[in-house]
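# Architecture at a glance
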Amino acid sequence: MSLYDDAVLVLKSYEDQTDLRQAYLDHLAAHPDGMWKSCHTGHVTASALVIDPEQGRVLLTLHKKLRMWLQMGGHCEPEDTSLEAAALREATEESGITGLTLLPGGPVRLDLHRIPAPCHFHYDVQYAAVAAPGAVQEISDESLDLRWFPYDEVAAVADESVLRLLEATRARL
């Protein structure tokens with residue numbers, strides 16, 4: 001199965017955010033290249049909020065280009081076999097933590113956001129990844145900083161999209 005086909009199946013089975021889910025499906029139907037960065041009208045991305053439920057904290061990255069505290073994530077790559085695999089790869093690469101596991105049940109949220117040119121939109125499919133107790137992060141070249149934040153401190157550093165993702169993740173836990 002192709003990554004495109006996997007994305008369509010994942011989105012069709014996602015039961016929340018019905019209007020936004022349909023916008024994702026419409027985008028993919030109109031753009032067979034809609035999984036790839038080269039699709040400048042917008043493309044699907046995969047991300048994961050890295051959490052440590054035992055200590056009630058999340059790991060956020062200070063994005064190098066955007067200079068915002070965000071969850072781990074990014075573009076799908078040709079070697080990704082599924083959206084889950086892409087989200088897990090991105091979370092592992094950007095956090096430096098091995099052994100992350102995605103929360104069961106598929107995506108936690110969808111988030112469509114405008115990005116700087118030449119592309120116009122990221123159709124982000126958001127997952128949550130659980131870190132083992134005591135996991136140690138390691139900063140990547142894509143980040144200015146990488147830091148654990150207690151759940152109640154996230155609102156002071158992150159935007160609404162990260163807060164909605166954290167809320168949905170905590171509800172799923």
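Look above for the structure.
Residues numbered from 1 in each chain as written. Predicted model: local features only at pLDDT ≥ 70, side-chain atom pairs only at ≥ 80, totals over all residues. Heavy atoms only, no water.

## Examining the pattern of salt bridges
Taken as a whole, this structure holds 6 salt bridges when the rule is applied. Linking R57 and D52 is a salt bridge whose minimum nitrogen-to-oxygen distance equals 3.0 Å. The residues R57 and D52 share a single accessibility class, namely buried. The salt bridge involving E90 is made with R89; its shortest N-O contact spans 3.1 Å. The two residues E90 and R89 agree in class, both being buried. Here the salt bridges share partners, and the residues they tie into one network are D80, R89, E90 and E93. (Salt bridge = Lys/Arg side-chain N within 4 Å of Asp/Glu carboxyl O. Buried < 20%, exposed > 50% of the residue type's maximum accessible area, 1.4 Å probe, protein only.)

## Things to note about helix 3 (residues 83-95)
An ideal rise of 1.5 Å per residue puts 18 Å on 13 residues; helix 3 measures up with 18 Å between its terminal C-alpha atoms. Buried residues of helix 3: L83, A86, A87, R89, E90, A91, E94 and S95, and no others. Buried residues along helix 3 sit against helix 1 (3-13), strand 1 (43-52), strand 2 (57-63), strand 4 (72-75), strand 7 (121-130) and strand 8 (143-150). A positive backbone phi angle near 75 degrees is found at G96, which sits one or two residues after helix 3. (Helix = DSSP H or I, 4+ residues; strand = E, 2+ residues; numbered from the N terminus. Expected span 1.5 Å × (residues − 1). Contact = heavy atoms within 4.5 Å.)

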